[in-house]
Amino acid sequence: MSKSYDAIIIGAGVIGACTAFEMAKKGMKTLSIDKLPEAGYGSTSGSCAIIRTYYSAYETCALAYEGWHYWKDWEGYIGRGVADNLIQYHDTGCLVIKTPHNKDLSVVCDTMDQIGCPWENIPTDQIPDRLPNADTRAYDPAKRPDDDGFGEPTGNAVNGAVFFPNGGYVSDPKLSAQNAQQAAMAAGAEFRFNTEVTEIKQENGKVVGVTLSDGSRINAPVVVNVAGPHSFVINEMAGVTDGMNINTRALRHEVAHVPAPKGMDFERDGFIYSDSDIHTYARPETGNHILIGSEDPACDPQDWVENPDVFDANLSEQSKIMTMRLAQRFTGLGIPEQAKGVVALYDVSDDWMPIYDKSDLDGFYMAVGTSGNQFKNAPVAGKIMAELVQKCQAGHDHDVNPVQFHLDYINADISLGAFSRKREINQNSSFSVIG
Ligand SMILES: Cc1cc2nc3c(=O)[nH]c(=O)nc-3n(C[C@H](O)[C@H](O)[C@H](O)COP(=O)(O)OP(=O)(O)OC[C@H]3O[C@@H](n4cnc5c(N)ncnc54)[C@H](O)[C@@H]3O)c2cc1C
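Residues numbered from 1 in each chain as written. Predicted model: local features only at pLDDT ≥ 70, side-chain atom pairs only at ≥ 80, totals over all residues.

### Focus: the overall build of the protein chain
If you tally the helices and strands in the protein chain, you get 10 helices and 23 strands. By the compact-globule yardstick of 22 Å for 435 residues, the protein chain fits well, its C-alpha radius of gyration being 21 Å. Across its three principal directions, the C-alpha atoms of the protein chain cover 70 × 45 × 45 Å. For the protein chain, the proportion of its 435 residues judged to be buried stands at 53%. Partitioning the intrachain contacts of the protein chain with sequence separation of at least 6 by distance along the chain shows that 72% fall at a separation of at least 24. (Helix = DSSP H or I, 4+ residues; strand = E, 2+ residues; numbered from the N terminus. Rg over C-alpha atoms; globule rule 2.2 N^0.38 Å. Buried ≥ 20, exposed ≤ 12 C-beta atoms within 10 Å, placed from the backbone. Contact = placed C-beta atoms within 7 Å.)

### Focus on the nonpolar core
Judged by nonpolar contacts, the single largest core of 132 residues is most densely connected at I8 and V224. If you count residues domain by domain, this core takes at least three from each of domain 1 (7-51 + 172-247 + 351-419) and domain 2 (89-170 + 251-345). Those residues within four positions of I8 in sequence are excluded, and the remaining contacts are L31, I33, G209, V210, I218, A220 and V223. (Core = buried A, V, L, I, M, F, W, Y, C linked by C-beta atoms within 7 Å. Domains from an automatic or database assignment.)

### A word on the domain arrangement of the protein chain
Considered domain by domain, the protein chain is made up of domain 1 (7-51 + 172-247 + 351-419) and domain 2 (89-170 + 251-345). Distance from the C-alpha centre of domain 1 to the C-alpha centre of domain 2: 30 Å. Listed per partner, the contact involves 15 residues of domain 1 and 16 residues of domain 2. Secondary-structure elements contributing two or more residues to the side of domain 1 that touches domain 2 are β3 (50-51) and α6 (173-186). Residue composition of the side of domain 1 that touches domain 2, grouped by class: nine nonpolar, five polar and one charged. (Nonpolar A, V, L, I, M, F, W, Y, C, P; charged D, E, K, R; others polar.)

### Description of the site of the ligand
The environment of the ligand is formed by 38 residues, the closest being G11, G13, G42, S47 and G228. Those elements that place two or more of their residues in the shell around the ligand are α1 (14-25), β14 (248-259) and β19 (341-349). Taken together, the residues of the shell around the ligand break down into 19 nonpolar, 15 polar and four charged. (Near = placed C-beta within 6 Å.)

### Some points on the pairing of strand β23 (residues 412-415)
With four bridges connecting them, strand β22 (residues 404-407) and β23 associate as antiparallel partners. Of the residues in β23, the one forming a bridge with Q404 is S415. The antiparallel pairing of β22 with β23 creates a hairpin that spans four residues between the two strands, and N411 there sits at a positive phi of about 50 degrees. (Pairing = 2+ DSSP bridges.)

### Quick notes on the sheet that holds strand β12 (residues 217-219)
Strand order in the open sheet made by the three strands is β10-β11-β12, with antiparallel pairing throughout. For this open sheet the edge positions go to β10 (197-203) and β12, each flanked by a neighbour on one side alone. Strand-to-strand, the axes of this sheet are offset by a mean angle of 30 degrees, without reference to chain direction. Relative to β12, strand β11 (residues 206-212) runs antiparallel, the two sharing three bridges. Within β12, the position partnered with V210 by the bridge is I218. (Axes fitted to C-alpha atoms, helices over the stretch in contact; angles between N-to-C directions.)

### Some thoughts on the packing of α1 against α6
In the contact formed by α1 and α6, the axes pass within 8 Å of each other and the chain directions differ by 20 degrees. Classified by the angle their axes make, α1 and α6 are roughly parallel. Once α1 is placed against α6, the crossing between them reads as left-handed. Residues V14, A17, C18, A20, F21 and A24 of α1 touch α6, and the partners they reach there are P173, S176, A177, A180, Q181, A183 and A184. In terms of residue class, the contact of α1 with α6 is built from 11 nonpolar, two polar and no charged. (Parallel < 35°, antiparallel > 145°, perpendicular 65-115°, else oblique. Left-handed = near helix turned anticlockwise from the far one by under 90°.)

### Here's the deal with the packing of helix α2 (residues 58-72) against helix α4 (residues 106-115)
Relative to each other, α2 and α4 sit at 55 degrees, their axes nearing to 10 Å. Judged on the interaxial angle alone, α4 and α2 are oblique. α2 and α4 meet at a crossing whose hand is right-handed. Residue-level inspection shows Y58, C61, A62 and Y65 of α2 in contact with α4, the latter providing T111, M112, Q114 and I115. When its residues are assigned to classes, the contact of α2 with α4 shows six nonpolar, two polar and no charged.

### A word on unusual backbone geometry
The omega angle of the peptide bond from D140 to P141 is 5 degrees, so this bond is cis rather than trans. The residue P141 is located in the loop between α5 (127-130) and β7 (161-164) in this model. With phi around 50 degrees, N194 is a residue other than glycine that occupies positive phi space. A tally of 11 C-beta atoms within 10 Å means that N194 is categorised as exposed. For N204, which is not a glycine, the phi torsion comes out positive at approximately 50 degrees.

### Considerations on the sheet that holds β3
Overall, antiparallel pairing links the three strands, which are arranged β3-β8-β4 in an open sheet. Edge positions in the open sheet fall to β3 and β4 (89-90), since each of these has one partner strand only. By the bridge criterion, two bridges tie β4 to strand β8 (residues 168-170) in an arrangement that is antiparallel. For Y89, the partnering residue across the bridge sits in β8 and is V170.

### Details of the pairing of β11
Sheet topology note: the β10/β11 ladder contains six bridges and is antiparallel. Looking at β11, one finds that E199 is bridged to T211.

What follows is the structure in structure tokens.
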């Protein structure tokens, strides 16, 4: 006889594991299923795990600032003594360059004031106090090495910067999913690895469980899709994409790891760095390295992946280009012959904001479209999903009357309608990893 659960969660990445934890805490009997061997083995393991609070919409900023509090007290969140080996959160702060792309951060700083998140204005001539020997000239628009003027300044100076003291990074993103898994198990959740879901079973317009690749079946009235870059595969399996205005796709991305410039101890003194003038972001990495990601300038080709199980996991010229762009600002940054870094997939929504929602299929929910920017929100996303499932299963019509969600730390309410699959595309989005 097949076993029954209150809910099946597909995916045990950082968001899937936090969702299991939060649902188990509400008393639901959950089973998390992942086709990989351990929690966090999927796109979570490739994450830069940057925790920052600036986004383009009020709701995403509020979520991120709420999320920061969980990383600050991670052990308090997962429970004292629950995990064998805890992640380390480095609260370094974030330096963000003002550019026309982010409207000189004016809207962001207004939003920070609304949510009570501190920030500090940094005039251009003080940027080198934070970033020694910084070249503060402007380089926008981004170019490819073959374009005329690549690496040449286009203006005398950027417009200054803002320092957000509340932000940082997690040293080991995979471990964070494993910590959350242990917390979930301590709350009663079950996990099954090396197990693939191949079908969402439905009867009379309702979810009744899933079928696994070995043909066996597991029953549950609720299934939550937290499948990361496979989210669209699972949504297609469930037949729910016609009822969605916002869809998701897998996008291949590279992250470069390079040594810090000579004389700079970026591991000790560094911070999160985001710069839409040179279209890169960076953070410290162990061994006095710098981890470099792209802020998706229009000139770079986008590598959409049809089958998330098959993509080129080798670094390409792109990681070198990102390093060259950062070297425009970080004077003395070397361009290594031998590329090092990570290749992984984002699960990108049409407006680069997440979908935390129900679906048109009764009992089928999704935490998807995390667009390379939702690691930081995993604990809050878990809470959102648990509340959404509980309310909708009790008969609440979230599509008509969106659930209002209270953010405990920052004492604010947000409408979860902002994360609806049926929303209009948010035109204020950066349409990049910044969200
Ligand atoms: C390169 C990169 C850099 C990033 N940097 C940041 C950052 O700095 N800050 C930030 O906030 N966010 C960042 N992100 C985004 C963040 O890491 C993700 O949003 C988050 O890790 C997603 O977690 P998840 O649990 O939803 O998905 P995943 O970790 O992708 O987990 C999904 C799981 O579902 C499983 N699965 C899929 N299909 C099936 C199936 N049919 N049956 C069973 N299991 C299945 C997979 O095996 C996988 O383990 C980054 C992402 C990437 C790729």
